Amino acid sequence: MSESNGPGVRGTDGMPDWEKRFRAPRVSLPDWAEDAPDRCLFVSNATGTYELYAWDRATGAQRQATDRPNGTTDGVLSPDGAWIWWFDDKDGDEFGIWRRQPFGGGADEPAVPGLAPSYPAGLALARDGRTAVVGRSTDEDGTTIHLAREGEDPVEIYRHRESAGVGDLSHDGSLIAVEHTEHGDAMHAALRVLRPDGTPVAELDDTKGGTEELGLEVLGFAPVDGDTRLLIGHQRRGRWEPLVWDVATGEETDLALDLPGDVSAEWYPDGSALLVEHGFEARSELFRYDLATHELTRIPTPRGSLSGATARPEGSVEYLWSSAAEPPAVRSTSGGVVLDPPGLACPPSVPVEDAWVEGPGGRIHALVQKPAGATGPLPTVFDLHGGPTWHDSDAFAAGPAAWVDQGYAVIRINYRGSTGYGRAWTDALKHRVGLIELEDVAAVRDWAVSSGLADPGRLVLTGASWGGYLTLLGLGTQPDAWAVGIAVVPVADYVTAYHDEMEALKAMDRTLLGGTPEEVPERFEASSPLTYVDQVKAPVYISAGVNDPRCPIRQIDNYVKRLEARGAVHEVYRYDAGHGSLVVDERIKQVRLELDFAERHLPA
């Protein structure tokens, strides 16, 4: 299974199609300044590293705003369009400060002098051009939120040991919405609205007074001066849905949209309607909801998945769309592609097929890709998504497409813990963390083999982040099921990972496992790949960022030492970045190493 054997592997220029998919220039959905909508900010890999770009629609001018060795993706425009704020960390460690530069170009400067480096916990910028609400997270202080006015020292307006974050700032700057988990459940936030001096205005907490654990999220204040309506997401009917909460009167307007999956929304610029994004069974679509008439109107988009959408002031909607077969593009309801970066065209891949498999916790949705015209049994890659509260969708992904090019079938599984299939499905993984998800993976593996799709002797288990964690855990708890394991930025030693990771993830782990390693040691032991490392039979490949604050390097080294001690077949690749790389050449190198490892160690 070399690069020359897969279908459609090489173009006439000799570069493999899988590599072209990584090198082809991409752009994110442009953000636009509320009071200067011609001024936009987007992310692109045009230079070979993902960086922020400024775009003036009025003149068509584009310029690269950031230029760092490890890339930059976290940025926001001030509402007046005068400033680009971007987060400056060190080599991908996610610990740093906000900087800003003029939209038209110029020197960067610290955006909030006086605030020490931290992990970011939200940011909201006021329309006055001189006020910001900045969220920070550190191990020492927990979460703090600060009001920063230009020329004045920042003032702390919120502090708590548990995780929290800035949700939004009202249009006139008089109200601040905060998501918090003071009740100790990091998976289900409550909401608090503060005045700029930190005094509370309103509180909404769906974790109180019932047996169910329900979460809330901030979707945004109405974009109208003096309007106290806050659009929020809730889980009261077992899935995410929007409602409008007037924080001044306490009135809640339940939209009760008759849509079967998770629903999110954002305001149209005049506050009269909502742009609704509906996700169901790994695909998504758009609607316009008129708040006066309660009319829900579908906005035509192709079948596939949306990675964001925004309503423009003139009434059009722009959205970033892709499918498993078709590369991403920023499209507009007014017609055509909004941003079409020049350069290498991204080769398409093959469509995804849906599979529904009965599992121990209910029907499991799997997405299957295989080489065009191929018949089984095929060498098969089980590519597990990260999160854990995330899901795979019918969206373009260069990694799975690379495996398909080499002749593999690829199966992605929305196991219990995944989003998009209701709150009960997402919350099911608590306490038996990792083991629950792997029960679903095993059920899909059995289906893939019994259906004739997958060759049982040539199965690869892989994934990144939480998917990398499940890979290592699966290799140890299901040692006879897998021929090769490829774990990217994984959790490998859960106890050490807990002690070394960023504070927000510690809170999540306490929620998932019901306490700290000292409080529930048996749960951490049962869910840790290190517990089962001596049972691993398959060759193991691990890649890790040495600056990763989410899956820190020390806990991976502990796992690797155990493999070394018993002479297990393994390879480790360490790179100088954080939780993944934003450098295209580095990402291509990693995929090449992964493909090569599988080719060398899978049975012929």
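For the structure, check the block above.
Residues numbered from 1 in each chain as written. Predicted model: local features only at pLDDT ≥ 70, side-chain atom pairs only at ≥ 80, totals over all residues. Heavy atoms only, no water.

A. A look at the pairing of strand 23 (residues 283–290). Most of strand 23 is tucked away: seven of the eight residues are buried. From the end of strand 22 (residues 273–280) to the start of strand 23, which pair antiparallel, there are two residues, and Glu281 there has a positive phi angle of about 50°. Bridge analysis of strand 23 against strand 24 (residues 296–299) gives four bridges, and the strand direction is antiparallel. Across the sheet, residue Leu286 finds its bridge partner in strand 24, namely Ile299. Following strand 23, the chain reverses through five residues before pairing antiparallel with strand 24; His294 in that reversal takes a positive phi of roughly 65°. (Buried < 20%, exposed > 50% of the residue type's maximum accessible area, 1.4 Å probe, protein only. Helix = DSSP H or I, 4+ residues; strand = E, 2+ residues; numbered from the N terminus. Pairing = 2+ DSSP bridges.)

B. Highlighting the sheet that holds strand 14 (residues 176–180). Spatial strand order, 13-14-15-16: four strands in an open sheet with antiparallel pairing. The strands lining the two open edges of the sheet, one partner per strand, are strand 13 (164–169) and strand 16 (200–204). The sheet shows a mean angle of 20° between the axes of neighbouring strands, taken without regard to direction. In this structure, strand 13 lies alongside strand 14, joined through five bridges in antiparallel fashion. Residue pairing for strand 14: Leu169 is matched across the bridge by Ile176. (Axes fitted to C-alpha atoms, helices over the stretch in contact; angles between N-to-C directions.)

C. View of the environment of Thr389. Within the secondary structure, Thr389 sits in the loop between strand 31 (378–384) and helix 2 (398–405). Look at Thr389 and you get partly exposed, because its relative accessible area is 30%. Each C-alpha atom, one on Thr389 and one on Phe87, is 24 Å from the other, the two residues being 302 residues apart in sequence. The residues touching Thr389, leaving out its near neighbours within four places in the chain, are Met187, Gly417, Thr419 and Thr426. (Contact = heavy atoms within 4.5 Å.)

D. The arrangement of empty space enclosed by the protein in detail. For the coordinates displayed, the defined rule picks out two cavities of 30 Å³ or more. Looking at the largest cavity, its volume works out to about 90 Å³. Around the largest cavity, the lining residues are Phe87, Gly96, Ile97, Trp98, Val112, Leu115, Ala116, Ser118, Val134, Gly135 and Arg136. Listed by contribution, the elements that provide at least two residues to the lining of the largest cavity are strand 7 (96–102) and strand 10 (131–138). When its residues are assigned to classes, the lining of the largest cavity shows seven nonpolar, three polar and one charged. By volume, the second largest cavity amounts to about 40 Å³. (1 Å grid on protein atoms, 1.4 Å probe; cavity = no way out; pocket = protein on both sides within 12 Å on 5 of 7 lines; lining within 4 Å. Points joined across faces, edges and corners; volume = space filled by probe spheres on them. Nonpolar A, V, L, I, M, F, W, Y, C, P; charged D, E, K, R; others polar.)

E. Focus on unusual backbone geometry. The peptide bond linking Gly376 to Pro377 adopts the cis configuration, its omega dihedral lying at 0°. Between Gly387 and Pro388 the backbone carries a cis peptide bond, its omega angle lying at 5°. Residue position: Pro388 is located in the loop between strand 31 and helix 2. Positive phi outside glycine occurs at His431, with the angle close to 75°. A positive phi angle is found at Val489, which is not glycine, with a value near 35°.

F. Up close: helix 5 (residues 466–477). In a regular helix each residue adds 1.5 Å, so 12 residues correspond to 16 Å; helix 5 covers 16 Å between its end C-alpha atoms and thus fits that length. The complete set of buried residues in helix 5 reads Trp466, Gly467, Gly468, Tyr469, Leu470, Thr471, Leu472, Leu473, Gly474, Leu475 and Gly476. (Expected span 1.5 Å × (residues − 1).)

G. How the structure looks around helix 9 (residues 553–565). Look at helix 9: 18 Å from first C-alpha to last across 13 residues, which is about the 18 Å you get at 1.5 Å a residue. Along helix 9, the positions that sit buried rather than exposed are Ile553, Gln555, Ile556, Tyr559, Val560 and Leu563. Down the axis, helix 9 shows its buried residues gathered within 165° of arc, on one side only. Turned more than 90 degrees away from the buried face of helix 9 sit Lys561 and Ala565, all of them exposed. Among the structural elements, helix 5, helix 6 (494–500), strand 35 (540–545) and strand 36 (570–575) are those in contact with the buried residues of helix 9. (Arc of directions from axis to C-beta.)

H. Examining the packing of aromatic side chains more closely. Counting across every chain of the model gives 14 aromatic pairs. Between Phe87 and Trp98 the ring centres are 5.3 Å apart and the planes differ by 70°, which places this aromatic pair in the edge-to-face class. Pair noted here: Phe87 is in strand 6 (residues 83–89) and Trp98 is in strand 7, with a separation of 11 residues, a long-range link. The same class applies to Phe87 as to Trp98, namely buried. (Phe/Tyr/Trp six-rings, centres within 6.5 Å; stacked < 30°, edge-to-face > 60°.)

I. Representation of the pairing of strand 30 (residues 362–369). Across the eight residues of strand 30, six count as buried, placing the element largely inside the fold. Pairing of strand 29 (residues 353–359) with strand 30, which is carried by seven bridges, proceeds in the antiparallel orientation. In the strand pairing of strand 30, Trp356 is matched with His365. Remark: two residues form the turn of the hairpin made by strand 29 and strand 30, two consecutive strands paired antiparallel.

J. Structural view of the side chain of Glu19. Following the sequence through the fold, Glu19 ends up in helix 1 (residues 17–23). Residues contacting Glu19, with those up to four places away along its chain left out, are Ile588 and Arg592.

K. Region of interest: the layout of surface pockets. Within this model, the second largest pocket holds a volume of roughly 280 Å³. If you trace the second largest pocket, you find 17 residues lining it, with Pro25, Pro328, Asp340, Pro341 and Cys346 closest to the centre. Those elements that place two or more of their residues in the lining of the second largest pocket are strand 27 (329–332) and strand 28 (337–339). Of the residues in the lining of the second largest pocket, the class split is 14 nonpolar, one polar and two charged.

L. Quick peek at the sheet that holds strand 10. With respect to topology, four strands assemble into an open sheet ordered 9-10-11-12, the strand pairing being antiparallel. With one partner strand each, in any of the chains shown, strand 9 (119–125) and strand 12 (155–160) form the two edges of the open sheet. Ignoring strand direction, the axes of neighbouring strands in this sheet form an average angle of 15°. Of the strand pairs in this sheet, strand 10 and strand 11 (residues 142–149) are connected by eight bridges, and their pairing is antiparallel. Bridge pairing links Thr131 to Arg149 in strand 11.

M. Here's a closer look at the pattern of salt bridges. Per the counting criterion, the structure on display carries 47 salt bridges. Across the pair Asp446 and Arg445 runs a salt bridge whose closest N-O atoms are separated by 3.4 Å. Judged by its relative accessible area of 44%, Asp446 falls in the partly exposed class. When salt bridges that share partners are traced, they join Glu19, Arg23, Asp585 and Arg592 into one network. (Salt bridge = Lys/Arg side-chain N within 4 Å of Asp/Glu carboxyl O.)

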